[in-house]
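# A structural walkthrough
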Amino acid sequence: MAIADRYLSDDEELVHVARQHWTLLAGEFVALFLIIGVVGTALFFIPWSEDWSLIAAGVVVAVGVVAALAFWFVPMLKWATTVYILTNRRLMMRDGIISKQGRDMPLTRVNDVSFNISLWERIMRYGTLSIQSASEQEGMVLQRVPRPQWFQSEIYRQVNAAQRPEYPSGT
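Residues numbered from 1 in each chain as written. Predicted model: local features only at pLDDT ≥ 70, side-chain atom pairs only at ≥ 80, totals over all residues. Heavy atoms only, no water.

## What to know about the overall build of the protein
Summing up its helical and strand segments, the protein has five helices and seven strands in all. Secondary structure of the protein in N-to-C order comes out as α-β-α-α-β-β-β-β-α-β-β-α. With respect to the three principal axes, the spread of C-alpha positions in the protein is 90 × 35 × 30 Å. Considering the protein as a whole, with its 171 residues, one finds that 34% of them fall into the buried category. Excluding contacts between residues fewer than 6 apart, the proportion of contacts in the protein whose partners are at least 24 apart in sequence is 53%. Element-wise, carbon and sulfur atoms account for 61% of the exposed surface of the protein, whose accessible area totals about 10,900 Å². In the protein, which carries 15 positive and 16 negative side-chain charges, the distance between the mean positions of the two groups comes to 6 Å. (Helix = DSSP H or I, 4+ residues; strand = E, 2+ residues; numbered from the N terminus. Buried < 20%, exposed > 50% of the residue type's maximum accessible area, 1.4 Å probe, protein only. Contact = heavy atoms within 4.5 Å. Areas by Shrake-Rupley, 256 points an atom, 1.4 Å probe, with all protein chains shown as cover. Lys, Arg positive; Asp, Glu negative; His and termini not counted. Charge placed at Lys NZ, Arg CZ, Asp CG, Glu CD.)

Shown next, in the form of structure tokens:
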């Protein structure tokens, strides 16, 4: 995936890339439809025979556009820029629109990977992964991960592979 390739070092292989589950955006789409409904209703009730009607319509539309940007577009961009990347050497989390944040955890430092899935999350097939490391820093929490049990087992597979000593060929 092109978004993850720029974060890889030369000797690293991409294993899996995940975004937060699409249900994160459900509330934002409801907000967008409500904004469209309110703007449409307000435009319907503007008395178009008045001199000020075009100005009022412009204000209503401008407020609707600002609200749509704030309650739909910005959260959509935040979702699009939040990515969880698993390679054969580390687990990465990247997010941010203008200012970027990132967190890397070498797989050789991973001690524990646990998941938490509520009933609703189980139905929708997402959950939260908590990764504890051997370092003094706190662990990493990946929220709304699609297929968290599979992702957990994939992390363990890569941790086991990373912790196995590599022997030169022929011995």
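## What about the UniProt feature "transmembrane region" (unreviewed entry) in the protein?
Following the UniProt record, the feature "transmembrane region" (unreviewed entry) maps to residues 21–46 and 52–74 here. Note that residues 21–46 is 77% helix and 0% strand, and that its end C-alpha atoms are spaced 40 Å apart. Helix and strand shares over residues 52–74 are 96% and 0% respectively, and the end C-alpha atoms of the span are 32 Å apart. (UniProt positions renumbered as here; feature names shortened; annotations may be inferred.)

## Concerning the sheet that holds strand 7 (residues 140–146)
Here we have three strands laid out as an open sheet, ordered 5-6-7, and antiparallel in their pairing. Looking at the sheet topology across the chains shown, the edges are occupied by strand 5 (110–116) and strand 7. With direction set aside, neighbouring strand axes in the sheet form an average angle of 20°. The sheet contact formed by strand 5 and strand 6 (residues 126–133) spans six bridges and is antiparallel. Residue pairing across strands places Ser114 opposite Ser130, the latter belonging to strand 6. (Pairing = 2+ DSSP bridges. Axes fitted to C-alpha atoms, helices over the stretch in contact; angles between N-to-C directions.)

## Examining the sheet that holds strand 4 (residues 101–106)
What links the strands of a sheet is backbone hydrogen bonding, and the strands pair in either a parallel or an antiparallel sense. Spatially, 1-2-3-4 is the arrangement adopted by the four strands of the open sheet, whose pairing is antiparallel. The sheet is open, and its two edges are formed by strand 1 (14–19) and strand 4, each paired on a single side. Pairwise comparison of adjacent strand axes, ignoring direction, gives a mean angle of 15° for this sheet. Sheet topology places strand 2 (residues 83–87) next to strand 3 (residues 90–95); four bridges connect them, and they run antiparallel. Pairing of Val83 across the sheet is with Arg94, part of strand 3. In the packing of helix 3 (residues 53–81) onto the sheet, contacts are made with strand 1, strand 2 and strand 3, and the angle to strand 1 comes to roughly 165°.

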